[in-house]
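Take a look at the letters that make up each chain.
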Amino acid sequence: MKKRLQHLIQCALKQLGITSVEVVVELPEESFGDIATPVAMSLAKILKKPPRKIAEDIIKAIDEKDIFDRIEIAGPGFINFTFSRTYLYSELKNLIKEDSLFLREKIGKGKRVQVEFVSANPTGPLHLGHGRGAAVGAALSNLLGAGGYKVEREFYINDAGRQVRLLGMSVFAKYKQLHGMDYPFPDDGYRGDYIENLTREFENQYKDRFVKNEFDEAARIVIDFSYKKMLALIKKDLEDFHVYFDTWQSERELYEKGEVLKSISDLRERGCVYEREGATWFKSTDFGDDKDRVIIKGDGEYTYFAPDIAYHRKKVEGKFDELIDIWGADHHGYIPRIQAVIQALGYPGESLKVLLVQMVSLLRSGKPVLMSKRAGEFVTLREVMDEVGADTTKFIFLTRRPDSHLEFDLEVAKAQSAENPVFYVQYANARINSIFAHAREQGIDADKVKDTEPGLLSVPEELRIIKKLLTYPMVFEGAVISHEPHRITFYLQELAGMFHPYYQRYKVVTDDTDLTMARLALCEAIRIVLRDGFEILGLSAPERM
RNA sequence: GCGCCUGUAGCUCAGUUGGAUAGAGCAACUGCCUUCUAAGCAGUGGGUCAGGGGUUCGAAUCCCUUCAGGCGCGCCA
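Residues numbered from 1 in each chain as written. Chains lettered and ligands numbered in written order. Predicted model: local features only at pLDDT ≥ 70, side-chain atom pairs only at ≥ 80, totals over all residues. Heavy atoms only, no water.

J.: I would appreciate a short explanation of the sheet that holds strand E5 (residues 150-157) in the present structure.
T.: By definition, the strands of a sheet pair up through backbone hydrogen bonds, in either a parallel or an antiparallel sense. Spatial ordering of the open sheet is given by E6-E5-E4-E10-E11, a layout of 5 strands whose pairing is parallel. Pairing within the sheet leaves two strands with one partner each, and these edge strands are strand E6 (247-250) and strand E11 (352-357). Adjacent strand axes in the sheet meet at a mean angle of 25° when their direction is disregarded. Where helix H12 (residues 305-317) meets the sheet, its contacts fall on strand E4 (112-116), E5, E6, strand E10 (322-328) and E11, and the angle it forms with E10 comes to roughly 145°. (Pairing = 2+ DSSP bridges. Helix = DSSP H or I, 4+ residues; strand = E, 2+ residues; numbered from the N terminus. Axes fitted to C-alpha atoms, helices over the stretch in contact; angles between N-to-C directions. Contact = heavy atoms within 4.5 Å.)

J.: Where do I start with the pattern of salt bridges in this structure?
T.: Side-chain pairs of opposite charge can arise whenever the charged atoms involved come near each other. All told, the structure shown has 46 salt bridges when counted by the stated rule. The salt bridge involving Asp57 is made with Lys49; its shortest N-O contact spans 3.8 Å. What emerges from the salt-bridge pattern is a single network uniting Arg220, Asp224, Arg252 and Glu256. (Salt bridge = Lys/Arg side-chain N within 4 Å of Asp/Glu carboxyl O.)

J.: Help me understand the side chain of Asp266, please; the structure alone is not making it clear to me.
T.: Here Asp266 is to be found in helix H11 (residues 259-269). Here Asp266 falls in the buried class, since its relative accessible area comes to 12%. Side chain to side chain, Asp266 and Arg313 meet in a polar contact 3.0 Å long. Each residue touching Asp266, except ones within four places of it in the same chain, is listed here: Arg313, Glu317 and Leu345. (Buried < 20%, exposed > 50% of the residue type's maximum accessible area, 1.4 Å probe, protein only. Polar contact = N/O pair within 3.5 Å; in protein donor to acceptor, adjacent residues only side chain to side chain.)

J.: Is there a simple way to think about the protein's contact with RNA strand B in this case?
T.: In the region of RNA strand B, 65 residues are neighbours, and Arg400, Arg401, Tyr427, Ser434 and Tyr506 sit closest. A breakdown of the atoms of RNA strand B within 4 Å of the protein gives sugar and phosphate a share of 62%. At 3.5 Å, a side-chain N or O of Glu26 approaches a sugar or linking oxygen of RNA strand B. The backbone of Met545 places a nitrogen or oxygen atom 2.7 Å from a base oxygen of RNA strand B. For the surface near RNA strand B, the elements supplying multiple residues, two or more each, are strand E3 (78-83), helix H7 (162-178), strand E8 (279-282), strand E14 (406-409), helix H16 (410-419), helix H17 (421-441) and helix H19 (486-505). Of all the elements, H17 adds the most residues to the surface near RNA strand B, at 9 residues. Classifying every residue of the surface near RNA strand B gives 30 nonpolar, 18 polar and 17 charged. (Near = heavy atom within 4 Å. Nonpolar A, V, L, I, M, F, W, Y, C, P; charged D, E, K, R; others polar.)

J.: How should I be thinking about the environment of Lys315 in this particular structure?
T.: Relative to the assigned elements, Lys315 resides in helix H12. Look at Lys315 and you get buried, because its relative accessible area is 4%. Separated by 198 residues in sequence, Lys315 and Thr513 have C-alpha atoms that sit 58 Å apart. The residues contacting Lys315, other than those within four sequence positions of it, are Gln114, Glu116, Leu323 and Asp325. At 2.6 Å, the side chain of Lys315 and the side chain of Asp325 are in polar contact.

J.: So what exactly am I meant to see when it comes to the pairing of E8 here?
T.: Working note: regular strand, side chains alternate between the two faces of the sheet. Of the two faces of E8, the one carrying Ala279 and Trp281 and the one carrying Thr280 and Phe282 are both buried. With 4 bridges joining them, strand E7 (residues 273-276) and E8 adopt antiparallel strand pairing. Across the sheet, residue Tyr274 finds its bridge partner in E8, namely Trp281. In this antiparallel pair of consecutive strands, E7 and E8, the connection spans 2 residues, and Glu277 shows a positive phi of 50°. Relative to strand E9 (residues 293-296), E8 runs antiparallel, the two being bridged by 3 bridges. Each residue of the ladder has a partner; that of Trp281, found in E9, is Val294.

J.: Where do I start with the layout of surface pockets in this structure?
T.: Using a probe with the size of a water molecule, rolled over the atoms, empty space left in the structure can be pinpointed. A volume near 920 Å³ is recorded for the largest pocket. For the largest pocket, the lining is made up of 38 residues, of which Val118, His130, Gly328, Asp330 and His331 are closest to its centre. The leading source of residues in the lining of the largest pocket is helix H6 (residues 128-146), at 5 residues. Counted by class, the lining of the largest pocket contains 18 nonpolar, 14 polar and 6 charged residues. The volume enclosed by the second largest pocket comes to roughly 660 Å³. Mapped by element, the contributors of at least two residues to the lining of the second largest pocket are H7, helix H9 (215-240) and helix H10 (251-256). When the residues that make up the lining of the second largest pocket are grouped by side-chain class, the tally is 8 nonpolar, 5 polar and 10 charged. Both domains that furnish three or more residues to the lining of the second largest pocket are identified here as domain 2 (112-158 + 244-417) and domain 3 (162-240). (1 Å grid on protein atoms, 1.4 Å probe; cavity = no way out; pocket = protein on both sides within 12 Å on 5 of 7 lines; lining within 4 Å. Points joined across faces, edges and corners; volume = space filled by probe spheres on them. Domains from an automatic or database assignment.)

Treat this as a map of the structure, not an account of what it does.
So, in structure tokens, the structure goes:
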């Protein structure tokens, strides 16, 4: 629809001797028309003519006027187009016939993109902030996949370094204590019920095998046991949240394969690494960072940054055309140094797009829920899923821009779980489903909707819905380009908001067979679009509610 | 102190990357189940788009500035 109009206007402009102008097309307020362009206004400056006069000339030069009912100039120089019914019907038929092919603009053209998200430390269960990252990352990945990209969803596992070691130490201390020994708990150790459970599981498997050992002697086994259990827990949480990954990149593997060493010597050869005060530094200030960063500490240990250099080196040197990292906004200060690494390796800093997902502040009845990881007190994604529901939780995340600060009130969310907009949208799908079931009971061959002529659809509600359906590809395209899945969410709410009143007012299945078929066709089209949206957003599409 | 994000209806948030009279859900109030599912529908009220300047045909949107909130500025991760 959009492309067709752009093409028509482009041709008209060519006739007027104007080329190389981008034709902006937008959806106006309904009373003005179905689709509009402000192009005459933006040409006013260049042509030094009044915009309304330019608009007139454009309209005169447009071919194929028959797909429109009206073309009008309005306001300061908008051109508003209203489609003819014939055109709407034929497009509706195409939609039903082509299904998702009709809906999804193939913008990616097979380009390979990697989306890395969640990447939570395997030291405990996922919390709500991870949930937001998961919902957004999954939806964005699905969106890009639908938009013609080849998408790889990656989870980076921090299975080396201090945090998993600390996890192991925490479990080890608890294990010793379990055996009645007085053993110091690490200062920054992990606490909480899940550590107790983990310790019991560990004891269950190894009995008293390590009671006489110091931590270092058992380190590898305790650490591995613990983080693997935690990782399994995380995987289970994600699975129940209906979020899936294609690859799991291990940090430890980067060490073991020598990638960390290699990437440092690579940077060294490029003259971007130096020694000072016993430490090894990366000269990130050469690439716009505000200070240089330590890679290897004075005590010979790697910083967190070191494997990240290797990791992102692997990314940029990999097979991907585009790279997207989704991070919590609290890591935003980390962007310049990672992009410095990328530039130091000879790639443009924009090779990596970092999408920041803002903080989630958790409330209960308006009061902040204080979360202390240290004390092991935090509300997990699982608790919220259990309390509020997975679809509802996701929907709350997907009705907001990623960069908006989110207040998640458990009580409100729970209260809304009955009234949540997600059900409103899913209910539309369920209703359509039962309409079809009913139609079949009446002996109607509902499978024929694909060949039905929708010409009998004539009430205003029907035409409005058809027009709405036909704008989906535009909304979809905008969502893909801007990396904003939430646009789909809002669209679905609007579509459902048209369907429910229609349902209330008109019966689909009546004695009039032809009209019934036409209306079933409309329902089928709505269902196709709803399901497409659900699929992208990672929401379930219940057949009945 | 510096950097990033945010500020839109009582509350939670959209606003098609600069377009026309700023929208939705919740909350409040009034009605609607003998009908393909009432998780629904019809209706009412609700705004100094944080404040102030600027850019232009046109600003919630872009620039400057003030205020308010969040986050970040380690040889932590």
